[in-house]
Amino acid sequence: MLKGDVRCLDVVGSQWGDEGKGKIVDVLAKDADWVARYQGGANAGHTVRIGDDQFILHQIPSGILHPGKRCALGNGVVLDPVTFFEEIHELERRGHKVDGRVLVSSRVQLVLSYHKLLDRAQEASRGKGAIGTTGRGIGNAYEDKVARVGIRVADLAAPERLRELVEAGTARAQGKLRALASDTAVAAGQIYDELCGLAPRLLPMACDVGLALRKALDRGEKLLLEGAQGAMLDVDHGTYPYVTSSNTTAGAAAVGLGLGPTAIDAVLGVVKAYTTRVGSGPLPTELPPEQAAHLRELGAEYGATTGRPRRTGWFDAVVVRYAARLNGITALAVSKLDVLDPLPELKLCVGYGLRGERLEEFPADLAMLAEIEPIYETVPGWQSTTSDARRLEDLPSGARAYLDRIGGLTGLPIRYISVGTRRREIIDVEGSGAG
Ligand code: IMP
Ligand code: MG
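Residues numbered from 1 in each chain as written. Chains lettered and ligands numbered in written order. Predicted model: local features only at pLDDT ≥ 70, side-chain atom pairs only at ≥ 80, totals over all residues. Heavy atoms only, no water.

(A) Layout of the pattern of salt bridges. This model, assessed by the stated rule, comprises 30 salt bridges. Close ionic contact of K272 with E301 constitutes a salt bridge, the shortest N to O distance being 2.8 Å. You can see K272 sitting in strand β11 (residues 266–272) and its partner E301 sitting in the loop between α9 (289–299) and β13 (311–313), a full 29 residues away along the chain. Residue K272 is classed as buried on the basis of its relative accessible area, which comes to 0%. The partner of R321 in a salt bridge is E360, and the shortest N-O contact between them spans 3.6 Å. (Salt bridge = Lys/Arg side-chain N within 4 Å of Asp/Glu carboxyl O. Helix = DSSP H or I, 4+ residues; strand = E, 2+ residues; numbered from the N terminus. Buried < 20%, exposed > 50% of the residue type's maximum accessible area, 1.4 Å probe, protein only.)

(B) Examining the coordination of the magnesium ion (ligand 2) more closely. Distances from the magnesium ion (ligand 2) to its protein donors, D18 (OD) and G45 (O), fall within 2.1 to 2.4 Å. In this pair, D18 sits in the loop between β1 (8–13) and α1 (21–28) while G45 sits in the loop between β2 (34–37) and β3 (46–50), placing the two residues 27 residues apart along the sequence. Look at G45 and you get buried, because its relative accessible area is 13%. (Donors = N, O, S within 2.8 Å, 3.2 Å for Na, K, Ca; no water.)

(C) Region of the structure containing the packing of helix α3 (residues 113–126) against helix α4 (residues 138–146). Taken N-terminus to C-terminus, the directions of α3 and α4 make an angle of 115 degrees; their axes are 7 Å apart at the nearest point. Between α3 and α4 lies a crossing of right-handed hand. Between α3 and α4, the residues in contact are Y114, H115, L118, D119 and Q122 and I138, N140, A141, E143 and D144, respectively. The residue inventory of the contact of α3 with α4, partitioned by class, reads 4 nonpolar, 3 polar and 3 charged. (Axes fitted to C-alpha atoms, helices over the stretch in contact; angles between N-to-C directions. Left-handed = near helix turned anticlockwise from the far one by under 90°. Contact = heavy atoms within 4.5 Å. Nonpolar A, V, L, I, M, F, W, Y, C, P; charged D, E, K, R; others polar.)

(D) Layout of the nonpolar core. The biggest cluster of nonpolar side chains holds 58 residues, and the ones touching the most others in it are L223, L225, L337, L340, L395 and Y402. Beyond its immediate stretch of four places on either side in the chain, L225 contacts C8, L9, D10, V11, A36, Y38, A253, L257 and I264. (Core = buried A, V, L, I, M, F, W, Y, C linked by side-chain atoms within 4.5 Å.)

(E) Structural detail: the site of ligand 1. Of all residues adjacent to ligand 1, which total 16 residues, the nearest are N43, T134, T244, V278 and R308. Contact between ligand 1 and G132: an oxygen atom at 3.2 Å from a main-chain N or O atom of the residue. Note that an oxygen atom of ligand 1 is positioned 2.6 Å from one of the side-chain N or O atoms of T134. Within the complex, 97% of the 470 Å² of free accessible area of ligand 1 lies under protein. Broken down by class, the residue content of the shell around ligand 1 amounts to 6 nonpolar, 8 polar and 2 charged. (Near = heavy atom within 4 Å. Polar contact = N/O pair within 3.5 Å; in protein donor to acceptor, adjacent residues only side chain to side chain. Areas by Shrake-Rupley, 256 points an atom, 1.4 Å probe, with all protein chains shown as cover.)

(F) Region of the structure containing unusual backbone geometry. With an omega of 5 degrees, the peptide bond running from Y240 to P241 counts as cis. Non-glycine residue A181 carries a positive phi angle of around 65 degrees. Topologically, A181 is positioned in the loop between α5 (159–179) and α6 (188–202). Here A181 falls in the exposed class, since its relative accessible area comes to 73%.

(G) Highlighting the sheet that holds strand β19 (residues 414–418). In space, the 10 strands of this open sheet follow the order β9-β7-β5-β2-β10-β1-β11-β15-β19-β20, with mixed pairing throughout. The open sheet has two edge strands, β9 (206–207) and β20 (426–428), and neither has a second partner. Contacting β1, β2, β5 (70–73), β7 (102–105), β9 and β10 (223–226), helix α7 (residues 209–218) runs over the sheet at an angle of about 130 degrees to β7. Helix-sheet contacts for helix α12 (residues 397–410) involve β15 (331–335) and β19, and the interaxial angle to β19 is about 140 degrees. (Pairing = 2+ DSSP bridges.)

(H) Up close: the side chain of H46. In this fold, H46 is placed in strand β3. Overall, the relative accessible area of 6% leaves H46 in the buried class. A polar side-chain atom of H46 sits 2.6 Å from a polar atom in the side chain of E226. Residue contacts for H46: discarding those within four places in its chain leaves K21, G22, F55, I56, L57, S62, E226, G227 and A228.

(I) Looking closely at the packing of aromatic side chains. In this structure the tally under the stated criterion is 4 aromatic pairs. With a centroid separation of 5.1 Å and an interplanar angle of 70 degrees, the aromatic rings of F84 and F85 are classed as edge-to-face. For F84, a relative accessible area of 0% puts it in the buried group. On the numbers, 6.1 Å between centres and 65 degrees between planes, the contact of Y352 with F362 is edge-to-face. Remark: F362 occurs in the loop between β17 (357–359) and α11 (366–371) and Y352 occurs in strand β16 (residues 345–354); sequence separation between them is 10 residues. Relative accessible area serves as the criterion here: at 0%, Y352 is assigned to the buried category. Ring pairing ties together the aromatic residues Y322, Y352 and F362, which thus form one cluster. Looking at R163, its charged tip hangs above the ring of Y192, at a distance of 4.3 Å from the centre. In this arrangement the basic side chain of K347 is found over the ring face of Y376, its NZ or CZ atom lying 5.4 Å from the centre. (Phe/Tyr/Trp six-rings, centres within 6.5 Å; stacked < 30°, edge-to-face > 60°. Lys NZ or Arg CZ within 6 Å of the ring centre and 35° of its normal.)

Below is the structure:
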């Protein structure tokens, strides 16, 4: 899709995350010069399979697995510097050269150990109302950013200021932990020493990422932007408060990289052929426990970051239509179609019923969400294998009819169909190979 007039393509999740963005970005990265992340942090888990090797990337863009491609982390990301270098170490250990290929915005906010402690202590204190966060300190780091007390990559260059910021941050975190009845001690000295130890490696990667990407575009290079999480976890538009703490929709790409919105030429929305969610909160098309477990096993639906079992449900066209509008999606990539192969019958949610009325749009109110009844269309399954298909014509007619219905219900063209975890297991509807 990165061809012709499309020089900057944003790939976003259109459900609750885990749509398979990692694989799609990996497939598209061969046509890109840069792959950039712009929001979220180590809460993301992007799974990419190359041959028999599987990588789960949390902070480094999936483009790193393509030799020679450059990667960038924009200002909208919250970076855990300790696990960032662990990830780099692991990639290098497995034969991928990372050195000199990753840029990090000097404006990136750092996630520190006390953010993670607070995340877990707050979740514990929420009891039944827990959000089911990934425990990576994401919300707490964004809280500090908005409260204007965060620590940024640029601060690593100023040891005195860094020491003051760490001391103040530690004291604040300690106070909050105490208020949550936690007696965990946070040591400012240890955090400061650790950051000073990482600074000589992190600072050479630091720059104005917005400027670097603008210059790249001006040179005619191509940019692939990699969203994390999905539209329904967006802090404004998702199922608040059961959301993540960043904007996950396409507008965030401009802000989170420091590019003007007119730089983005197209938005590819990734959707699973069904629906999953990890963590708490509304999931209108959730299956009853037994069926949910069956689909979970078929799709190996376990969180890539936390290993938690994912909740599973039927495809929800109300959700995807909403995501299409919020993101300005120009085409869809449908993933994990092959997971549905064995099922005799499938359902698609085409609207919601509420108190005798029909709702076509996703409601904001949690109480309404708890009451809605999905309206389903039932279609026959195809009960044959799709993983060998490389062209639309190779798919069984039932699978094509199912995809046509998704296209019809969402009003979007389907450009890619992923039919397995491997790189080659993909159909590019507009071309012979994926591209
Ligand atoms: P947090 O982002 O760790 O604060 O978690 C908030 C909510 O977002 C929880 O329900 C998480 O399970 C969910 N979440 C965060 N990141 C991801 C992701 O990459 N995929 C799926 N769910 C996620
Ligand atoms: Mg994931």
